[in-house]
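Each chain, letter by letter, is given below.
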Amino acid sequence: LFLRMLRWISFPIWGSGDNAGFLTKDEGALGMKVKLGVILDAIEMADDNYTYFLDLETGDSVFLADELITGLDNEGLEDEIEENPERYLRLPTKFEIHEYHIMEEFIWTLKGERADKLDCAIRGRGAFRRFKDLVDRMGITQQWYDFQAEYYRKLAIDWCQEHGLEYEEESI
């Protein structure tokens, strides 16, 4: 089982506001509302070394670390997740987030030479580095970050809806 290859460490995902990282009482699935910032933080931190879960009792994000890569030896959460699968929901992984596709969609919002250059930049090995370098040279870094943040937000909302969870967005 994939989970057996992983070990755990848990920590709250810190969003913004006084109650960041926690569920709030409200009507809806499980009688709670999920703080969207908790989901967003886990999406932003997704990588090969960790698998994130939402703890439906606390509202915290917890993660299982790949012991072979990270060297973390934190036994306990793996068993907890296996014994209480109704308590933990796996959050989107790096493979479900599709950073390459997000770059493509960003390029589709551009016109002309910028779009053409970026489209060429994401072909082949080193696509992510070339994309980021070219976005920076073109002076559209903030435009990219805004696009990516909105994409992540929509992904988090879709994830909540798929799992029947009501959510709330923190005010800025």
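Our subject is the structure listed above.
These figures come from a predicted structure and were not determined experimentally.

This part is about the overall build of the protein. For the protein, the helix and strand inventory stands at 8 helices and 7 strands. Across the 172 residues of the protein, 40% fall into the buried class. Residue pairs at least 24 apart in sequence account for 64% of intrachain contacts in the protein once pairs closer than 6 positions are excluded.

Summed over the entire model, instances satisfying the criterion amount to 12 salt bridges. Salt-bridge contacts for Asp 133 lead to Arg 129; the nearest nitrogen and oxygen are separated by 3.3 Å. Here Asp 133 pairs with Arg 129, and both are found in helix α7 (residues 127–138), just 4 residues apart, close to one helical turn. Assessed through its relative accessible area of 32%, Asp 133 is described here as partly exposed. By relative accessible area, which is 51% here, Arg 129 ends up exposed. One network of salt bridges, with partners in common, ties together Asp 55, Glu 57, Glu 80 and Arg 87.

In this structure, Ile 39, Leu 54, Phe 106, Leu 118, Phe 131, Trp 159 and Leu 165 are the most contacted members of the largest nonpolar core, which totals 39 residues. For this core, the elements supplying multiple residues, two or more each, are α1 (36–45), β4 (50–55), β5 (61–66), α5 (99–108), α6 (112–121), α7 and α8 (141–162). Among the elements that line this core, the one with the most residues is α8, at 7 residues. Ignoring sequence-local partners within four residues, the contact set of Phe 106 consists of Leu 118, Phe 131, Val 135, Ile 140, Gln 143, Trp 144 and Phe 147. Counting 6 residues, the second largest nonpolar core, distinct from the first, contains Phe 53, Val 62, Leu 77 and Tyr 88.

Let us now look at the pairing of strand β3 (residues 32–35). Note on strand geometry: in a regular strand, side chains alternate between the two faces of the sheet. Here β3 shows no split at all, with Met 32 and Val 34 on one side and Lys 33 and Lys 35 on the other all buried. For β3 and strand β7 (residues 166–168), the ladder comprises 3 bridges, and the chain directions are parallel. Within the sheet, the bridge partner assigned to Val 34 lies in β7 and is Tyr 167.

Here the focus is α8. An α-helical segment advances 3.6 residues per turn. Residues three or four places apart therefore align on the same side. Compared with the 32 Å implied by 1.5 Å per residue over 22 residues, the 31 Å span of α8 between its first and last C-alpha is a close match. All of the buried residues along α8 are Trp 144, Gln 148, Tyr 152, Leu 155, Ala 156, Ile 157, Trp 159 and Cys 160. Following α8 by one or two positions, Gly 164 adopts a phi angle in the positive range, close to 65°.

A word on α5. Within α5 the residues assigned to the buried category are Ile 102, Met 103, Glu 104, Phe 106 and Ile 107. Along its buried surface, α5 packs onto α4 (94–97), α6, α7 and α8.

Next up on the list: the environment of Asp 48. If you trace the backbone, Asp 48 turns up in the loop between α1 and β4. The class of Asp 48 is partly exposed, set by a relative accessible area of 44%. For the pair Asp 48 and Asp 66, spaced 18 residues apart in the sequence, the C-alpha separation amounts to 8.2 Å. If we ignore the near neighbours within four places in the chain, the residues touching Asp 48 are Lys 94 and Phe 95.

Before going further, it helps to spend a moment on the environment of Leu 155. With respect to the element layout, Leu 155 can be found in helix α8. Between the alpha carbons of Leu 155 and Ile 39 there is a distance of 9.3 Å; along the sequence they are 116 residues apart. When near neighbours in sequence (up to four residues on either side) are disregarded, Leu 155 contacts Ile 43 and Ile 97.

Taken as a whole and judged by the stated rule, the model has 8 aromatic pairs. For the ring pair Phe 106 and Phe 131, a centre distance of 6.1 Å and an interplane angle of 85° mean the geometry is edge-to-face. Here the residue Phe 106 occupies a position in helix α5, and Phe 131 occupies one in helix α7, the gap between them amounting to 25 residues. Here Phe 106 and Phe 131 have matching classes, each one buried. Seen from their ring centres, Phe 131 and Trp 144 are 4.8 Å apart, and the 75° between their planes marks the pair as edge-to-face. Of this pair, Phe 131 sits in helix α7 while Trp 144 is found in helix α8, placing the two residues 13 residues apart along the sequence. In this pair, the class of Phe 131 matches that of Trp 144, namely buried. Through pairs of rings, three or more aromatic residues link up here, namely Phe 106, Phe 131, Trp 144 and Phe 147.

Criteria and cut-off values
- Here the residue numbers are simple positions, counted from 1 along each chain's written sequence.
- Thresholds applied to this predicted model are a pLDDT of at least 70 for local features of residues and 80 or more for the giving and counting of side-chain atom pairs; totals over whole chains, interfaces and linings are not thresholded and use all residues.
- To obtain the side-chain values, all non-hydrogen atoms of the structure were used and water was disregarded.
- The secondary structure listing takes helices from DSSP runs of H or I that are at least 4 residues long and strands from runs of E that are at least 2 residues long, numbered from the N terminus.
- Only protein chains enter the accessibility calculation, which uses a 1.4 Å probe; a residue whose area is less than 20% of its type maximum is buried, one above 50% is exposed, and one in between is partly exposed.
- The contact criterion used throughout is that any non-hydrogen atoms of two residues lie within 4.5 Å.
- Just to be clear on terms, a salt bridge is a Lys or Arg side-chain nitrogen sitting within 4 Å of an Asp or Glu carboxyl oxygen.
- The term nonpolar core refers to a set of buried residues drawn from Ala, Val, Leu, Ile, Met, Phe, Trp, Tyr and Cys, joined through side-chain atoms within 4.5 Å.
- A strand pair is defined by DSSP finding two or more bridges across the two strands.
- A helix's residues, less one, multiplied by 1.5 Å, set its expected span.
- Here the aromatic set is Phe, Tyr and Trp, taking the six-membered ring for Trp, and pairing holds for ring centres within 6.5 Å; pairs whose planes are under 30 degrees apart are stacked, those over 60 apart are edge-to-face, and all others are tilted.

Shape descriptors only; they carry no functional weight alone.
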